[in-house]
Amino acid sequence: MTKAQLGMVLDWAAAEGWNPGLHDADSFYAADPGGYLLALVDGVPAASIFAVRYGERFGFIGGYIALPRFRGQGHGMAIWNAGMAQLAGRTVGLDGVPAQQGNYAKSGFVLAHRNVRFEGTGRGMAGDSGGPGMHGAHGGVVPLASVSATEVVRYDRPFFAGDRSIFVQHWITQPGSVALGIAAAGRLAGYAVLRPCRTGYKVGPLFADTPAQAHALFDALLLHVPAGSPIYLDVPEPNREAMALARSYGMQPCFETARMYTGAAPVLDLARTYGITTFELG
């Protein structure tokens, strides 16, 4: 795909209810410009897949869509096979809806864990966003722009299975987004990004060394969400502290995915992962 075609496919994703970010296309495309495949039928776009390569050994599948009028004709399977061929020889991850878990298993994917999307409501600039023990307390939280990109990339590394440094540098500077870090002992101890989406806002990632730091980051981001606007956080279920964080803000589960991998699942720091970056790219 061209970047413009990627924008078109994100419109398809919005129509499917996936609620992409308003400015995701630039960040996605920067991750791997050759990682976005489009199936054409007589020159008409019919199906898509993201088969994004990170480093030499990892890849991630997302954006797997066939337009309704082209379904049941083999175009989805054709684009799936093309995407998997592009990632041949790599460990491959995806976030799939649970109903499709059996189909992904046929391609060699194995369940690693569930991710749960929580939905809450913004409280605007009221000052107190309701987190337990964190009422108005954002000590150590700083604009991420005040931290070197090298330090952010270094901090991000344990949370992802491949080199995504280029993607991260674009993601944290998306137009309209709010990116915050938290410092401890002179080093980055967590960071989080809030971005506007087709509906409301999403927080992702939300990484932090401790539950208190995760609360401080989330609490500070909530101050940038208009009162009454939806806010979403995608939580890895194995992190009980992350699940508790979402519930402590009155957020409710609204969607889930199955995180699956081909081959052995990479060892990631889920204990410090309070919010997944994005279901589309990992």
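These numbers were taken from a predicted model, which means no experiment stands behind them.

Trainee: It is not clear to me how the packing of aromatic side chains should be interpreted in this structure. Could you clarify?
Mentor: Within a pair of aromatic rings, the relevant descriptors are the distance that separates the centres and the angle that separates the planes. The full count for this structure, using the stated rule, is 19 aromatic pairs. For the pair Tyr64 and Trp80, a centre-to-centre distance of 5.3 Å together with 45° between the ring planes defines the contact as tilted. Placement of the pair is Tyr64 in strand β3 (residues 58-66) and Trp80 in helix α3 (residues 75-86), with a sequence separation of 16 residues. Among the residues examined, Trp80 registers a relative accessible area of 4% and is labelled buried. On the basis of an interplanar angle of 40° and a centroid distance of 5.5 Å, the ring pair of Tyr155 and Phe159 is categorised as tilted. Of the two residues, Tyr155 and Phe159, neither departs from the other in class, the shared state being buried.

Trainee: Would you mind showing me how to read the packing of helix α7 (residues 211-222) against helix α8 (residues 240-248) here?
Mentor: Packed helices, taken two at a time, are described by the angle their axes make and the gap between the axes. Between α7 and α8, the least distance of the axes is 11 Å, while the angle of their chain directions is 35°. Classified by chirality, the crossing of α8 by α7 is right-handed. When α7 is examined against α8, the residues Pro211, Ala214, His215 and Phe218 are found in contact with a partner set consisting of Glu241, Leu245 and Ser248. Looking at the contact of α7 with α8 residue by residue, the classes come out as four nonpolar, two polar and one charged.

Trainee: How should I be thinking about the pattern of salt bridges in this particular structure?
Mentor: Pairs can form between side chains of opposite charge once their charged atoms are near each other. Enumeration over the complete set of coordinates arrives at 13 salt bridges. Arg114 is the partner of Glu237 in a salt bridge, and the nearest nitrogen-oxygen pair spans 2.2 Å. Residue Glu237 is found in the loop between β10 (230-236) and α8, and its partner Arg114 is found in strand β5 (residues 109-121); the two are separated by 123 residues along the sequence. Judged by its relative accessible area of 30%, Glu237 is partly exposed. On the basis of relative accessible area, Arg114 is assigned to the partly exposed category, the value being 28%. Between Arg164 and Asp156 there is a salt bridge, with its nearest N and O atoms 2.8 Å apart.

Trainee: What should I look at first to understand the packing of helix α1 (residues 3-15) against helix α2 (residues 24-31) in this one?
Mentor: Two numbers describe how α1 lies on α2: the axes approach to 9 Å, and their chain directions differ by 125°. As the angle between them shows, α1 and α2 are arranged oblique. Here α1 and α2 pass one another in a crossing that is right-handed. Contacts between α1 and α2 involve Lys3, Leu6, Gly7 and Leu10 on the former and, on the latter, Asp24, Ala25, Asp26, Phe28 and Tyr29. Looking at the contact of α1 with α2 residue by residue, the classes come out as five nonpolar, one polar and three charged.

Trainee: Sorry if this is basic, but what is going on with the nonpolar core here?
Mentor: Buried together is how nonpolar side chains tend to be arranged in soluble globular proteins. Within the largest apolar cluster, 37 residues are counted, with the highest numbers of intra-cluster contacts made by Leu6, Phe28, Tyr36, Phe50, Tyr191 and Leu281. Put simply, the parts of the chain that give this core at least two residues each are α1, α2, β1 (36-41), β2 (44-54), β3, α5 (149-156), α6 (165-171) and β8 (187-196). Per element, the largest residue contribution to this core is five residues, and it comes from α1. Counting the residues that make up this core, at least three belong to each of domain 1 (3-112) and domain 2 (115-275).

Trainee: Can you help me understand the domain arrangement of the protein in this one?
Mentor: Buried accessible area, meaning the area lost when the parts come together, often serves as the stated size of an interface. Segmentation of the protein into domains returns domain 1 (3-112) and domain 2 (115-275). Distance between the C-alpha centres of domain 1 and domain 2: 24 Å. With 37 residues of domain 1 in contact, the opposing surface of domain 2 contributes 32 residues. Summed over both partners, the interface of domain 1 with domain 2 comes to about 2,800 Å²; 59% of that surface belongs to carbon and sulfur atoms. At the junction of domain 1 and domain 2, the tally comes to three salt bridges. The closest approach of N and O atoms between Arg259 and Asp95, which form a salt bridge, is 2.9 Å. At the surface where domain 1 touches domain 2, the tally comes to 17 residue pairs in polar contact (both at pLDDT 80 or more).

Here is what the cut-offs are and how they apply
Residues numbered from 1 in each chain as written. Predicted model: local features only at pLDDT ≥ 70, side-chain atom pairs only at ≥ 80, totals over all residues. Heavy atoms only, no water. Phe/Tyr/Trp six-rings, centres within 6.5 Å; stacked < 30°, edge-to-face > 60°. Helix = DSSP H or I, 4+ residues; strand = E, 2+ residues; numbered from the N terminus. Buried < 20%, exposed > 50% of the residue type's maximum accessible area, 1.4 Å probe, protein only. Axes fitted to C-alpha atoms, helices over the stretch in contact; angles between N-to-C directions. Left-handed = near helix turned anticlockwise from the far one by under 90°. Contact = heavy atoms within 4.5 Å. Nonpolar A, V, L, I, M, F, W, Y, C, P; charged D, E, K, R; others polar. Salt bridge = Lys/Arg side-chain N within 4 Å of Asp/Glu carboxyl O. Parallel < 35°, antiparallel > 145°, perpendicular 65-115°, else oblique. Core = buried A, V, L, I, M, F, W, Y, C linked by side-chain atoms within 4.5 Å. Domains from an automatic or database assignment. Buried area = accessible area lost by both parts, 1.4 Å probe. Polar contact = N/O pair within 3.5 Å; in protein donor to acceptor, adjacent residues only side chain to side chain.

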